[in-house]
Amino acid sequence: MDDLERLAADIRRADTVVAFTGAGISAPSGVPTFRGDDGVWEHFDEGQFTYGRFQRDPEGFWADRLELQRAMFGDEFEPNAAHEALAGMGHDGTLDAILTQNTDGLHGDAADATGTDGTTLLELHGNARRVRCTDCGRRTDGDPVFERAADGELPPTCECGGVYKPDVVLFGEQLPGAVIQRARELARESDVFLAIGSSLVVEPAASLPRLAASPEATVGIVNLESTPVDSTADVVCREDVTAVLPRLRSLLEE
Ligand code: APR
């Protein structure tokens, strides 16, 4: 039995299966990753995107944020075979939850295309397609607001006069309490926890696999590069997500 067959066997036996994803799952769709050669943080300074900067200098923050959005999400992109495999597993009832660090909305697109509604999707870092008013709290589609900002409305504001913030968790900002609490519960409850396409160095990515790692649970990693969790994981696949996840789904269908 190879590693993937073992993973499939554990998933078949499991009550709760959780996938935790990072930028690597969207890389084959053309969205850049954060770390490594040509990663976003090679070209941008993380310090430009802190919550403190947003509060101090919303105009400068928004000017830089537009550049980051163009670099990350400038091209048209769609879910790839890995997003589709996870959505398919949700549809088949073999995956209970997707916890993602990604703000690109691609898991939601794949779920909509597949008609999956039984899988919990937690976007831990928010969704970069939306903006949120820092005064009235209204959330709205980001595109018209990004256009206004690109046309010179810096910072863009809501009808109530409040400044809009991208609906993502910035550096120095707390993850919403209810979201992180649910993510921790799901990690603890999981019989199989699969970390996919993440370097697992940023919190909560670094600690969720540890919460999942009870003696009875299976922790699997699918990532091109090694991660700090590999040495304690039960299964490590150092392969492309678009090769591994469709294969895993096919094994589960056998
Ligand atoms: N298949 C498998 N793994 C891949 C692929 C692929 N096709 N492409 C890239 N990877 C792996 C890389 O080897 C890398 O280890 O994906 C990982 C992506 O790591 P990061 O760029 O660090 O992304 P992530 O873990 O999601 O970053 C976490 O850091 O800066 C913050 O807020 C940002 O949400 C982000 C968080």
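Bear in mind that the values here come from a model prediction, so they are computed numbers and not experimental data.

Cut-offs used in this document
- Position numbers for residues count from 1 along each chain, tracking the sequence in the order it is written.
- Local features in this predicted model are restricted to residues of pLDDT 70 or higher, and side-chain atom pairs are both shown and tallied only at a pLDDT of 80 or more, whereas totals for entire chains, interfaces and linings draw on every residue.
- To obtain the side-chain values, all non-hydrogen atoms of the structure were used and water was disregarded.
- Each domain span listed reflects an automatic or database assignment of domains.
- The contact definition used throughout considers only heavy atoms, calling two residues in contact when any of these lie within 4.5 Å.
- Computed with a 1.4 Å rolling probe, the buried area is the accessible surface lost when two parts are put together, summed over both parts.
- A carboxyl oxygen of Asp or Glu within 4 Å of a side-chain nitrogen of Lys or Arg is what we treat as a salt bridge.
- Helix numbering and strand numbering both begin at the N terminus, where a helix is a DSSP run of H or I of at least 4 residues and a strand a DSSP run of E of at least 2.
- For every residue, the accessible area (1.4 Å probe, protein chains only) is compared with the maximum for its type, and the residue is labelled buried under 20%, exposed over 50%, or partly exposed between those bounds.
- Buried Ala, Val, Leu, Ile, Met, Phe, Trp, Tyr and Cys residues that are joined via side-chain atoms within 4.5 Å together make up what is termed a nonpolar core.
- In short, DSSP must find at least two bridges between two strands for them to pair.
- In this analysis, axes come from line fits to C-alpha atoms, helices being fitted only over the stretch in contact, and the angle between any two N-to-C directions falls in the range 0 to 180 degrees.
- Should an angle fall under 35 degrees it is called roughly parallel, over 145 degrees roughly antiparallel, and 65 to 115 degrees roughly perpendicular, with every other angle called oblique.
- Handedness of each helix crossing follows the sense of rotation of the near helix against the far helix: counterclockwise by less than a right angle gives left-handed, clockwise gives right-handed.

So, on to the domain arrangement of the protein chain. Here the domain parsing of the protein chain yields domain 1 (1–30 + 79–125 + 175–254) and domain 2 (32–76 + 130–168). The gap between the C-alpha centroids of domain 1 and domain 2 is 28 Å. Tallying the contact residues gives eleven residues for domain 1 and eight residues for domain 2. For the domain 1 and domain 2 pair, buried surface summed over both sides reaches about 660 Å², with 61% attributable to carbon and sulfur atoms.

We now examine the pattern of salt bridges. This structure, assessed with the given rule, holds 14 salt bridges. One salt bridge connects Arg 6 with Asp 10, and the closest N-O pair in it is separated by 3.6 Å. Here the residue Arg 6 and the residue Asp 10 both occupy positions in helix α1 (residues 3–13), the gap between them amounting to four residues, near one helical turn. Across the pair Asp 230 and Arg 238 runs a salt bridge whose closest N-O atoms are separated by 2.7 Å. On the basis of relative accessibility, which here comes to 47%, the residue Arg 238 falls in the partly exposed class. Through salt bridges with shared partners, a single ionic network connects Arg 6, Asp 10 and Arg 13.

All right, on to the nonpolar core then. In this structure, Leu 86, Ile 196, Leu 245 and Leu 248 are the most contacted members of the largest nonpolar core, which totals 26 residues. A per-element tally of this core places helix α11 (residues 241–253) first, with six residues. Excluding residues within four positions of it along the chain, Leu 248 makes contact with Leu 4, Leu 7, Ala 8, Ile 11, Met 89 and Leu 194. By size, the runner-up hydrophobic cluster in this structure holds 24 residues, among which are Trp 41, Phe 49, Phe 54 and Leu 68.

To continue, consider the pairing of strand β4 (residues 126–133). Two strands pair when backbone bridges link them, and β4 and strand β6 (residues 164–168) are joined in this way by four bridges, in the antiparallel orientation. Within β6, the residue paired with Arg 132 across the bridge is Lys 165. Here β4 folds back onto strand β5 (residues 139–141), and the loop between the two strands holds five residues, one of which, Gly 137, carries a positive phi near 85 degrees.

Direction vectors running N to C along helix α6 (residues 81–92) and helix α7 (residues 106–114) enclose 50 degrees, while the axes themselves pass 9 Å from each other. Between α6 and α7, the angle falls in the class oblique. Once α6 is placed against α7, the crossing between them reads as right-handed. Mapping the contact onto sequence places His 83, Glu 84, Leu 86, Ala 87, Gly 88 and His 91 in α6 and Leu 106, His 107, Ala 110, Ala 111 and Thr 114 in α7.

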